[in-house]
Amino acid sequence: MTRLFIRHIVFLFFYLAPTLCMGTSSVGQTQGLPLLFVLTVDDQIINPIIADYLIQGIEKAEQEQAQAVIIQLDTPGGLMTSTHLIVRKILNAKVPVVVYITPKGARGGSAGVFITLASHVAAMAPSTHIGAAHP
């Protein structure tokens, strides 16, 4: 993937960010813009249900030939098995995957780190953090 392509994905993401809604959505198709899928993990533990949600979202984006999948992530962490399934899907995705730690105060803890590192583009909103959970 070229740097120019990655810059375009990041530009489109930040250009369209104010219009994105929570949950699974596709943005741009009716407006003549590139099709982007938005998947949201809002303060949820990474578990089999979240893994299925993300994997199915990426697969649908691939089927509809989307330009990118944006995962809005806020998680304290979760199960390693579920994390591994998500990471494997992202690494083998036929569509670029952007992980965006958001909103302010959100975290990409523990399992969230691995998911973020597997993505093609990682971004963080102001006042967010990423890393292992420590007392």
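Above this text sits the structure in question.
Participant: So what exactly am I meant to see when it comes to helix α3 (residues 80-91) here?
Facilitator: In an α-helix there are 3.6 residues to a turn, and that puts residues three or four apart on one side. Over its 12 residues, α3 runs 16 Å from end to end, which matches the ideal 16 Å to within 8%, given 1.5 Å per residue. Of the positions making up α3, those classed as buried are Ser82, Thr83, Ile86, Val87, Lys89 and Ile90. Angular distribution of buried residues about the axis of α3 spans 160 degrees; they occupy a single face of the element. Across α3 from its buried face, at more than 90 degrees, point the exposed residues Met80, Thr81 and Leu91.

Participant: Explain the pattern of salt bridges to me, please; I cannot follow it from the model alone.
Facilitator: Pairs may arise between side chains of opposite charge once their charged atoms sit close together. In this structure the tally under the stated criterion is four salt bridges. Of the charged contacts in the structure, one is a salt bridge between Glu59 and Lys89, with a shortest N-O distance of 3.6 Å. Residue Glu59 is found in helix α2 (residues 48-63), and its partner Lys89 is found in helix α3; the two are separated by 30 residues along the sequence. One continuous salt-bridge network, built from bridges that share partners, spans Glu59, Glu62 and Lys89.

Participant: What am I meant to see in unusual backbone geometry here?
Facilitator: Most peptide bonds are trans, and most residues other than glycine sit at a negative phi. Look at the link from Thr102 to Pro103: it is a cis peptide, with omega at 5 degrees. With respect to the helices, strands and loops of the structure, Pro103 is situated in the loop between β4 (97-101) and β5 (107-109). Non-glycine residue Ser127 carries a positive phi angle of around 65 degrees.

Participant: Would you explain the packing of α2 against α3 in this entry?
Facilitator: A pair of packed helices is captured by two measures, namely the crossing angle of their axes and the spacing between those axes. Running from amino to carboxyl end, α2 crosses α3 at an angle of 10 degrees, the nearest separation of the two axes being 9 Å. Taken together, the axis directions place α2 and α3 in an arrangement best described as roughly parallel. From α2, Pro48, Ala51, Leu54, Ile55, Ile58, Glu59 and Glu62 reach across to α3, where they touch Ser82, Leu85, Ile86, Lys89 and Ile90. Here the residues of the contact of α2 with α3 are counted per class, giving eight nonpolar, one polar and three charged.

Participant: Would you mind going over the environment of Ala66 with me for this structure?
Facilitator: Relative to the helices and strands, Ala66 resides in the loop between α2 and β3 (68-74). When its relative accessible area of 11% is taken as the criterion, Ala66 is described as buried. C-alpha separation for the pair Ala66 and Val95, spaced 29 residues apart in sequence, amounts to 6.9 Å. The residues touching Ala66, leaving out its near neighbours within four places in the chain, are Leu35, Phe37, Ala61 and Val95.

Participant: What am I meant to see in the pairing of β4 here?
Facilitator: It is a general feature of regular strands that their side chains alternate between the two faces of the sheet. In terms of burial, β4 is a largely internal element, five of the five residues being buried. Side-chain alternation along β4 places Val97, Val99 and Ile101 on one buried face and Val98 and Tyr100 on a second face that is also buried. With α3 bridging β3 and its parallel neighbour β4, the resulting β-α-β unit is right-handed. Here β4 runs beside strand β6 (residues 121-124); their pairing, made up of four bridges, is parallel. Counterpart to Ile101 in the pairing with β6 is Met124.

Cut-offs and rules
Residues numbered from 1 in each chain as written. Predicted model: local features only at pLDDT ≥ 70, side-chain atom pairs only at ≥ 80, totals over all residues. Heavy atoms only, no water. Helix = DSSP H or I, 4+ residues; strand = E, 2+ residues; numbered from the N terminus. Expected span 1.5 Å × (residues − 1). Buried < 20%, exposed > 50% of the residue type's maximum accessible area, 1.4 Å probe, protein only. Arc of directions from axis to C-beta. Salt bridge = Lys/Arg side-chain N within 4 Å of Asp/Glu carboxyl O. Axes fitted to C-alpha atoms, helices over the stretch in contact; angles between N-to-C directions. Parallel < 35°, antiparallel > 145°, perpendicular 65-115°, else oblique. Contact = heavy atoms within 4.5 Å. Nonpolar A, V, L, I, M, F, W, Y, C, P; charged D, E, K, R; others polar. Right-handed = clockwise from strand over helix to strand, strands pointing away. Pairing = 2+ DSSP bridges.

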